[in-house]
Amino acid sequence: MKLGHHIIPHIYYILPSFSLPTYSCIRSFPPSPINLNLSFPVRKRATIRNMSDSIETGVPQRRSLYPPIEPYNNGILKVSDTHTLYWEQSGNPDGHPVVFLHGGPGGGTSPNNRRFFDPEFYRIVLFDQRGAGKSTPHACLEENTTWDLVNDIEKLREHLKISEWQVFGGSWGSTLALTYSQSHPDKVTGLVLRGIFLIRKKEIDWFYEGGAAAIYPDAWEEFRDLIPENERGSLVDAYHKRLNSDNLETQYAAARAWTKWEMMTAHLLPNDGNIQKAEDDKFSLAFARIENHYFVNKAFFTSDSYLLENIDKIRHIKTTIVQGRYDVVCPMMSAWDLHKAWPEADLKIVGDAGHSANEPGIAAELVVANEKMKAFVG
């Protein structure tokens, strides 16, 4: 984007133009934007904007989620002798296809996921990954690897007779979106990524081995204290043992604790509805068991920085990255590392958000990204 003779790179800091509600232990700030003098190299110079500002001249102004819609069809796809996948389609049957890749892994989809997309423009495809949501068998780890999921996405694309599609994914969904795109770049028309997760050791250690405890010590102690002191050398391994116990109640207790830790840290401000999901044993077991399985196995990648090492395969694909500045679950270091490896992708940093796609600033930027993509693919 050019202003006069100066080139402004595609990095934006989105700060609110409104004040946050006042809580007893949270300091309120004045409603005016904060003016910062940031000295970055030219390639990474940030443009700070109010949330009410348009992002680029001529881009549609819509920033709100679309109204709820119902699928126009759905089905079950058998992808192996063991696994079946639940899938659904909503929006415009003749529209531009977009596939939504949910987080976790093990999180499953929800009706709200359809609302990021213009239903008149997009043919919206949602599916539950192996072992998650309505897919069967529930919480199954057999034949459940990143490469199985990549193959499943291709099988679903072929089943739905889609030649190519836009790919949208957040958190683990961003991991899977990058992996799928690097495996099948000719099938991807564009990428919208949120809450970047590259499954590197430093990311797992940050969230599950004590780093994030510096910010959430109260929530952390509840997660940690399920494990005896003599097993705390690796909490991921200790939870793996319990999530795969022969005793179902042991599995459920570990799953609730694992899930609650993530749900308590996923929003900048606590979200009671999100935290309550940890009490659903069916959801928690799939979420915790499958997540832990992928983390123990390092996402089945051949190296710690596999996704960064293969960026050249997708460098040409139109991409927007949306990242909450205060994301504790998938801290911004990963989005920044991805940006440095892939400066051609647009990076939007939301200044008043954590991890969840349902936080207002994150949701707004995801809608904007899809609106911009409409012009690119339309």
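Bear in mind that the values here come from a model prediction, so they are computed numbers and not experimental data.

Participant: What exactly am I supposed to notice about the packing of aromatic side chains here?
Facilitator: For any pair of aromatic rings, the description rests on two quantities: the centre-to-centre distance and the angle between the ring planes. Counted according to the given criterion, the structure contains 24 aromatic pairs. Residues Y208 and F223 carry aromatic rings whose centres are separated by 6.3 Å and whose planes lie at 55° to one another, so their mutual orientation is tilted. Placement of the pair is Y208 in helix α3 (residues 201-208) and F223 in helix α4 (residues 217-224), with a sequence separation of 15 residues. Taken individually, Y208 and F223 each receive the classification buried, so the pair is uniform in this respect. Aromatic ring contacts, followed pair by pair, group F197, F207, Y208, W220, F223, Y239, W258, W261 and F295 into a single cluster. Here the guanidinium or amino end of R62 rests over the ring plane of Y66, the centre of that ring lying 3.7 Å away.

Participant: Hey, could you run me through the pairing of strand β5 (residues 73-78) in this one?
Facilitator: When a strand is regular, its side chains alternate between the sheet's two faces. Summarising the sheet, β5 and strand β6 (residues 84-91) pair through 6 bridges and their orientation is antiparallel. By the bridge assignment for β6, N73 is matched with Q89.

Participant: Would you mind showing me how to read the environment of L235 here?
Facilitator: On the secondary structure map, L235 appears in helix α5 (residues 235-243). For L235 and G210, which are 25 residues apart along the polypeptide, the C-alpha to C-alpha distance reads 9.1 Å. Residues in contact with L235, not counting those within four places in the same chain, are Y208, E209, W220, F223, R224 and I227.

Participant: Where do I start with the pairing of β6 in this structure?
Facilitator: Summarising burial for β6: 7 of the 8 residues are buried, a large majority. The hairpin formed by β5 and β6 contains 5 residues between the paired strands. For β6 and strand β8 (residues 122-127), the ladder comprises 5 bridges, and the chain directions are antiparallel. Paired with S90 across the two strands is I124, which belongs to β8.

Participant: Explain helix α1 (residues 146-159) to me, please; I cannot follow it from the model alone.
Facilitator: Between the first and last C-alpha of α1 there are 20 Å, a value that for 14 residues agrees with the 20 Å anticipated at 1.5 Å per step. Considered for burial, the residues of α1 that qualify are T146, D148, L149, V150, D152, I153, E154, L156 and R157. A positive phi of about 55° marks K161, the residue just after α1.

Participant: Please clarify how unusual backbone geometry should be interpreted in this entry.
Facilitator: If a residue is not glycine, its phi is most likely negative; likewise, a peptide bond is most likely trans. With an omega of 0°, the peptide bond between G104 and P105 qualifies as cis. Positionally, P105 belongs in the loop between β7 (96-101) and β8. Here the residue pair T136 and P137 is connected by a cis peptide bond, since its omega of -5° sits within 30 degrees of zero. Mapped onto the elements, P137 comes out in the loop between β8 and α1. Positive phi is not limited to glycine here, since S171 has a value of about 60°. By secondary structure assignment, the location of S171 is in the loop between β9 (165-170) and α2 (172-183).

Participant: Looking at this structure, I do not really get the pattern of salt bridges. What am I missing?
Facilitator: For side chains of opposite charge, pairing can occur when their charged atoms come near one another. Per the counting criterion, the structure on display carries 24 salt bridges. Where D152 meets R130, a salt bridge forms, and the shortest distance between an N and an O atom there is 2.6 Å. In this pair, D152 sits in helix α1 while R130 sits in the loop between β8 and α1, placing the two residues 22 residues apart along the sequence. As far as the burial class goes, D152 and R130 line up, both buried. A network of salt bridges, in which partner residues are shared, links R200, K202, E203, D337 and K340.

Procedures and definitions
Residues numbered from 1 in each chain as written. Predicted model: local features only at pLDDT ≥ 70, side-chain atom pairs only at ≥ 80, totals over all residues. Heavy atoms only, no water. Phe/Tyr/Trp six-rings, centres within 6.5 Å; stacked < 30°, edge-to-face > 60°. Helix = DSSP H or I, 4+ residues; strand = E, 2+ residues; numbered from the N terminus. Buried < 20%, exposed > 50% of the residue type's maximum accessible area, 1.4 Å probe, protein only. Lys NZ or Arg CZ within 6 Å of the ring centre and 35° of its normal. Pairing = 2+ DSSP bridges. Contact = heavy atoms within 4.5 Å. Expected span 1.5 Å × (residues − 1). Salt bridge = Lys/Arg side-chain N within 4 Å of Asp/Glu carboxyl O.

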